[in-house]
Protein chains: 2
Amino acid sequence: MRNNAIVGQSGGPTSVINSSLAGVLQACQKRHADKVYGMINGIQGLIQEKVEDLSDILGSSMEIELLKRTPSSFLGSCRYKLPDFHDQPEVYEKLFRILDRLDIGYFFYIGGNDSMDTIGKLAEYGSQVGSRIRFMGVPKTIDNDLMMTDHTPGFGSAAKYIGVVMKEIIRDATVYGTNFVTIVEIMGRNAGWLTASAALARGEDCEGVDLICLPELPFHMDRFLTKVETMQKEKASIVIAVSEGVKLPDGRYVCEQSDDARYVDAFGHKNLTGTARYLANFLARNMDTRTRAVELSILQRCAGHLTSRTDITEAYQVGGAAAKAAFEGHTGEMAALRRISNDPYQCTTELVPICKVANLEKKVPLEWINSYRTDMTHEFLDYARPLVQAELTPIYIEGLPRHIRKRI
Amino acid sequence: MRNNAIVGQSGGPTSVINSSLAGVLQACQKRHADKVYGMINGIQGLIQEKVEDLSDILGSSMEIELLKRTPSSFLGSCRYKLPDFHDQPEVYEKLFRILDRLDIGYFFYIGGNDSMDTIGKLAEYGSQVGSRIRFMGVPKTIDNDLMMTDHTPGFGSAAKYIGVVMKEIIRDATVYGTNFVTIVEIMGRNAGWLTASAALARGEDCEGVDLICLPELPFHMDRFLTKVETMQKEKASIVIAVSEGVKLPDGRYVCEQSDDARYVDAFGHKNLTGTARYLANFLARNMDTRTRAVELSILQRCAGHLTSRTDITEAYQVGGAAAKAAFEGHTGEMAALRRISNDPYQCTTELVPICKVANLEKKVPLEWINSYRTDMTHEFLDYARPLVQAELTPIYIEGLPRHIRKRI
């Protein structure tokens, strides 16, 4: 008994999180799990007993292929933070009753550092009550801010998307030959990995972005203005990549200076948007130039039509590695990616203790930012470029990529 | 003599305008034009004698292939409106002196209805002064608002982009299963062709957008709120496609209700952005829901990585047809697209008088909007779907699509 597995997806969706789901599912099936259940809307759905037998909804190999090419969380997601089990033991008692009723032996959670907190708490509670369920984390986040893993599945595809659209935006922004500043707002609250990826645009065929502003460094409005004014003397079209999370020296987010509505989510994260718009308006007021703000918004995390094959493959691999480890008896760990070499790029998986991942954030090393604080160094490019290599062609039907959709 | 040709690009860039440039260039070369010049930054650059010999910068067949895959206007663009020649004959005298000095016999201008106005004025002035230069227009606009042509090159690729990203946004917006309204702002000042293309998202694998708001119909804030409230009772995630150009019954743009900075361009067009943001804030204030605004912004017109092969091919064909016509003695006309049949889709080119195109706008027929004013009818889908078919795969180098860039 206890040979069933359950898997959930949590946090913000990515374009490859479903490839990890496919990896967990197929690895569990190969290890003769009787049933593999999916939590609908993550741990929050599990508490409400919203689970489905995945063999009912992902029966064919064609469906698995489509799953890998479908962006966003196929099983639905949540942003539910488990309470401390000393404070609310009844939540844990209920969860474990549900898991016992389903004969769950293996529990997988695909997500970022908040989700690894969930795995950590469940594994710890489980060991205290003598449960034999194995809890394993599968990393996922476009933000690339997880500790103990060379990079996170989801980052490569988002970085590729950003590199591609920055090239396109740079081409678009140069057509009139007149003074023009384009500010592109990129996701990443505290870690600038995605914004840094705008550096990938530069090449033989592209002049590249002119300024990259990461949240790792304080943002000075006056120095920003001076830099842009200086650049504009040399060049008509200036394209700037700015993180949604850039902060003033006093610790406020740049976008908090605007008067747009804001709210705070269940994890206490502020909703950050409007940074590019605020800066574009600021420059337009203070310089003789036209400006434009572009928010890449959710397009950067859900662009299933433009994924990195390297990323899709690694997302699948960490799912499989987590399942393999659970069946071998591991619990309270995360399947991480370890880079063996850069050239040729080689990467493998390894297991890391969940407590070294949960609730922590990995930032961009400051030495990977150039001395002018305008661009990334070649160390960053050497790190990021292998992750955006190769494509997984969508299956186009009638001109649009085919997805898989959960039968309701 | 007078066997040279010149070609310019004008107005907003698209992802296939360079394919039309390739079509003009190669058709002129096959007709033994001595030289084919490119105007740098359109007619505005020509007045400043900014021209280049295209054989110098587009020498190889590989460069032509890259040109077809490079978004935005390779030659640069302008938004310069020629004055009436009765008011400022000196502008025309100067232009024709420059054209004579370059031994130009054939003049091509790739653009939208403002650009066709340029061709019309030049052809008329030319005939009055006895010039033998032939002036031909090549249609281009993502907006699809040109008269006398079944559709415009640039529209198919933008429509495909919108169909693809709407599918991705719909997947992304459903993950939490909670009340959530996503408002996606799409280009199209007065004509709703692109916004209507959001209807392409619906299919076996996608529930489609829930509401489409075109600029062809007056926008009532109160009815909008009622519609969304009603829909949200049935469905947690609502995705709405709204044109940047939707107007209140009193004629003001919806976005004019917000207090953001606005300006008017050289053609008297108001800068319209912030419609989605304004509506998202409006709903959030008046309903118990979270909302999000997504502006597709310039990404919808410069997404060279996601073009319609049908569109790229037709863009090339109208360029070639314009060149052929000019060499056969036509002037003051535009090479248009005529649809012969829908199923199978067949389309050819024909010549139309420029005066029937310049400065006019083709709107979406009201009978292609359903009776609830929420969606498009099958007539629209039958019209649009052939235009998004097939792909032209980018040439990926090191993970990013390769472009061609003008050597400076």
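Our structure is the block above this text.
My aim in this report is to walk through the structure given alongside it, one point at a time. (Residues numbered from 1 in each chain as written. Chains lettered and ligands numbered in written order. Predicted model: local features only at pLDDT ≥ 70, side-chain atom pairs only at ≥ 80, totals over all residues. Heavy atoms only, no water.)

**Considerations on the packing of aromatic side chains**
Residues and elements named next belong to chain A. One pass over the structure, following the stated rule, counts 32 aromatic pairs over all chains. Of the aromatic side chains, those joined through ring pairs into one cluster are F85, Y92, F96, F107, Y109, Y125 and F135. If you follow K68 out to its NZ or CZ, it ends over the ring of Y316, 4.8 Å from the centre. (Phe/Tyr/Trp six-rings, centres within 6.5 Å; stacked < 30°, edge-to-face > 60°. Lys NZ or Arg CZ within 6 Å of the ring centre and 35° of its normal.)

**A look at the pairing of strand β8 (residues 237-243) of chain A**
In the case of a regular strand, side chains alternate between the two sheet surfaces. All names here are of chain A. For β8, a buried count of seven out of seven residues is recorded, marking the element as mostly surrounded by other parts of the structure. A two-sided burial pattern is seen for β8, the buried positions comprising S237, V239, A241 and S243 on one face and I238, I240 and V242 on the other. Looking at chain direction, strand β6 (residues 180-186) and β8 are connected through seven bridges and run parallel. Bridged to I186 within β8 is S243. The sheet contact formed by strand β7 (residues 211-213) and β8 spans three bridges and is parallel. (Buried < 20%, exposed > 50% of the residue type's maximum accessible area, 1.4 Å probe, protein only. Helix = DSSP H or I, 4+ residues; strand = E, 2+ residues; numbered from the N terminus. Pairing = 2+ DSSP bridges.)

**A few points about unusual backbone geometry**
Along the chain, A:D343 connects to A:P344 via a cis peptide bond; the corresponding omega equals 5°. Tracing the chain through its elements places A:P344 in the loop between β10 (333-342) and β11 (345-353). One non-glycine residue, A:S297, lies in positive phi territory at about 50°. On the secondary structure map, A:S297 appears in the loop between β9 (290-295) and α11 (299-302). Residue A:S297 is classed as buried on the basis of its relative accessible area, which comes to 12%. For B:E398, which is not glycine, the phi dihedral falls at a positive 50°.

**Here's the deal with the interface of chain A and chain B**
When the parts of a complex come together, some accessible area is lost, and that lost area is often used as the size of the interface. The interface of chain A with chain B comprises 64 residues on the first partner and 64 residues on the second. Counting the surface lost from both chain A and chain B, the interface buries some 5300 Å², and carbon and sulfur atoms represent 55% of this. Here B:R301 ties to A:D172 by a salt bridge, and the two come within 2.8 Å at their closest N and O atoms. Put simply, chain A and chain B have 31 residue pairs in polar contact (both at pLDDT 80 or more) between them. Contributions of two or more residues to the side of chain A that touches chain B are made by α7 (155-173), α10 (275-286), β9, α11 and β13 (400-401) of chain A. (Contact = heavy atoms within 4.5 Å. Buried area = accessible area lost by both parts, 1.4 Å probe. Salt bridge = Lys/Arg side-chain N within 4 Å of Asp/Glu carboxyl O. Polar contact = N/O pair within 3.5 Å; in protein donor to acceptor, adjacent residues only side chain to side chain.)

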